[in-house]
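The lines below spell out each chain.
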There are 2 protein chains.
Amino acid sequence: MNKVRIGIAGYGNLGRGVELAVKQNDDMELVGVFTRRDPSAVKTITGAAVYSMNDAEKMADKIDVMIICGGSATDLPKQTPELAKKFNVIDSFDTHARIPEHFANVDKAAKESGHLAFISLGWDPGLFSLNRLYAESILPCGKSYTFWGKGVSQGHTDAIRRVEGVKRGIQYTIPVEEAMDAVRSGSQPELTTRQKHLRECWVVPEEGADLAKIEETIKNMKNYFDEYDTTVNFISEEEFDAVHNKMPHGGFVMRSGMTGEGESTHQMIEYSLKLESNPEFTASVLICYARALARLKAEGATGCKTAFDIAPAYLSPLSGDELRAKML
Amino acid sequence: MNKVRIGIAGYGNLGRGVELAVKQNDDMELVGVFTRRDPSAVKTITGAAVYSMNDAEKMADKIDVMIICGGSATDLPKQTPELAKKFNVIDSFDTHARIPEHFANVDKAAKESGHLAFISLGWDPGLFSLNRLYAESILPCGKSYTFWGKGVSQGHTDAIRRVEGVKRGIQYTIPVEEAMDAVRSGSQPELTTRQKHLRECWVVPEEGADLAKIEETIKNMKNYFDEYDTTVNFISEEEFDAVHNKMPHGGFVMRSGMTGEGESTHQMIEYSLKLESNPEFTASVLICYARALARLKAEGATGCKTAFDIAPAYLSPLSGDELRAKML
């Protein structure tokens, strides 16, 4: 089989992760990175070629799958339907509430142009969604829980950086152990927002800043912190750079279900991720779905699909015979 | 959509589990249980009709999916290909080494007769296999681990019951916490059989039996206990009946992988099950795949498939729109 020829649209943390993930898969090759910046100003990690996004269309016949690495707020709602007119595409659109609308837009563009598009891949949405679906289908009587962390929330980190007097800042979302243990016990608790997660902030203040005011402003910030127990820690810039320079994340999907006579038997399913790098892991998911996309496209599929629509065997480089012999 | 009409072939613990699982799914109905015993001697939990296995063929047009609940050692290798000539079938064949041969036999029978067959469903093989496939496809550089327990191993339980002087007995397989923590740390340890699992035996001795000899015989039993650290506990029949009357099981699938520059970033995926009843949970998996089978059959699929070949969306009673809106 020919290698799957990958393009990367957008070169931030996720794009860099995809660049590195391609190298871990012998059946993939990276054609190039497409950027809205001046291509000569972008230096890639592996020396991959860099092109202007404006020139992407001219290279359509050289790329099997374009992996779109923009942000969900403003980039992907425009970019994915647009690029789906010229390429088979994959994105990691993660604004859960807007997925149906995004799906419809991408599906229309892809069907009209005869392309195949996968959206909302990564770990949540993505692997966590898959685990919710499998677990709820297997245990229809029960309750599902998702916990996130310990990990960096980009939205909350951006929010504290906007507070007056904050020079540097980072926010970690932390799942509450007691809440997770209550779920694992089978008691199927109703948990409030505050009971499920803590928010931990690390701040380098500007010189002479009012620390008490920074702390109060953060803790009372509507929609971000007011419904949570939040801690604010002030540290030096040296400590910040030494300790808080990574993008870890992860989380837990749990299903507590009941089976048997009188639904009295407790059955517990738990899936968890502990990721040292959120963007590198998300990139690894995207690349393995690029393999599935190339295969499904070869079978004639077009339109938009999500992780729910793709049989697991398409993700593996192994054949059906090999999978049954080694992995079943 | 019409309800999926289920038949159960074989009425042991698993068959009873399937009977109860059907009741938890509104889109399923149980037509009856088929047994090799005298049907009048079999009493079902829910009052489901009982028929002789010899009469199954006559009812072929009344059953959409026959769930075969026999044992993997001798029943399923014969029953599944045989019944696949007359029915769409699902089994939980779990002799990993013989899966390719079983697949070929069932595939041939199902294709020739235009039926659809799913084999080796349950949690291992089944959900654990799926997690191995997803995790290894996403993180190609890494190491996978499977731990089982805490749970009752039927094979080991049968083995200790055959020891002279043993009146009642049960064996629990227990994963070693330290080994699991070593895996979670990212050190990717090489683990021996002894380092991964303990074996815990609870025995009610015959009156006047030689306890030291029972313990020694169990601990040195080839292929069952000699490669493990095994404990043998002697208890009264009253305690045995009160405490050891369930069939719990479970386990862990872990993938410790590396991504990024120089493959220096550790990424950890973990899936676990904690089941109060192994047969009831396995039955729940079989029933949710019966839904997928009915749908794939309606699309024209025939032959043999495993969990790897079935897109997740087929398992859920929800539509694609509902899944994307609620679960992605």
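Presented here is a report on the structure given in the accompanying data block. (Residues numbered from 1 in each chain as written. Chains lettered and ligands numbered in written order. Predicted model: local features only at pLDDT ≥ 70, side-chain atom pairs only at ≥ 80, totals over all residues. Heavy atoms only, no water.)

We now examine helix H2 (residues 75–84) of chain B. Residue and element names in this part refer to chain B. Along H2, seven of the 10 residues are buried, which leaves the element largely enclosed by surrounding structure. Along H2, the residues classified as buried are Asp-75, Leu-76, Gln-79, Thr-80, Pro-81, Leu-83 and Ala-84. Of the surrounding elements, those touching the buried residues of H2 are strand E1 (4–9), strand E4 (65–68), strand E5 (89–90) and helix H3 (99–113). (Buried < 20%, exposed > 50% of the residue type's maximum accessible area, 1.4 Å probe, protein only. Helix = DSSP H or I, 4+ residues; strand = E, 2+ residues; numbered from the N terminus. Contact = heavy atoms within 4.5 Å.)

Counted by the stated rule, this structure contains two cavities of 30 Å³ or more. Its volume calculated, the largest cavity comes out at about 150 Å³. As for the largest cavity, its lining consists of 15 residues, and the residues nearest its centre are Asn131(A), Tyr134(A), Tyr271(A), Asn131(B) and Tyr134(B). When contributions to the lining of the largest cavity are tallied by element, the ones reaching two or more residues are helix H4 (127–138) and strand E13 (265–275) of chain A together with helix H4 (127–138) and strand E13 (265–275) of chain B. At six residues, H4(B) tops the list of elements feeding residues into the lining of the largest cavity. Broken down by class, the residue content of the lining of the largest cavity amounts to 13 nonpolar, two polar and no charged. (1 Å grid on protein atoms, 1.4 Å probe; cavity = no way out; pocket = protein on both sides within 12 Å on 5 of 7 lines; lining within 4 Å. Points joined across faces, edges and corners; volume = space filled by probe spheres on them. Nonpolar A, V, L, I, M, F, W, Y, C, P; charged D, E, K, R; others polar.)

Pairing in this open sheet of six strands is antiparallel, and the strands run E7(A)-E12(A)-E13(A)-E13(B)-E12(B)-E7(B) from one edge to the other. Among the strands making up the open sheet, the edge pair consists of strand E7 (142–148) of chain A together with strand E7 (142–148) of chain B. Strand after strand, the sheet turns through a mean of 5° between neighbouring axes, direction not considered. Here 11 bridges tie strand E12 (residues 249–259) of chain B to E13(B), and the two strands are oriented antiparallel to one another. Residue pairing in the sheet places Arg255(B) in a bridge with Ile269(B) of E13(B). (Pairing = 2+ DSSP bridges. Axes fitted to C-alpha atoms, helices over the stretch in contact; angles between N-to-C directions.)

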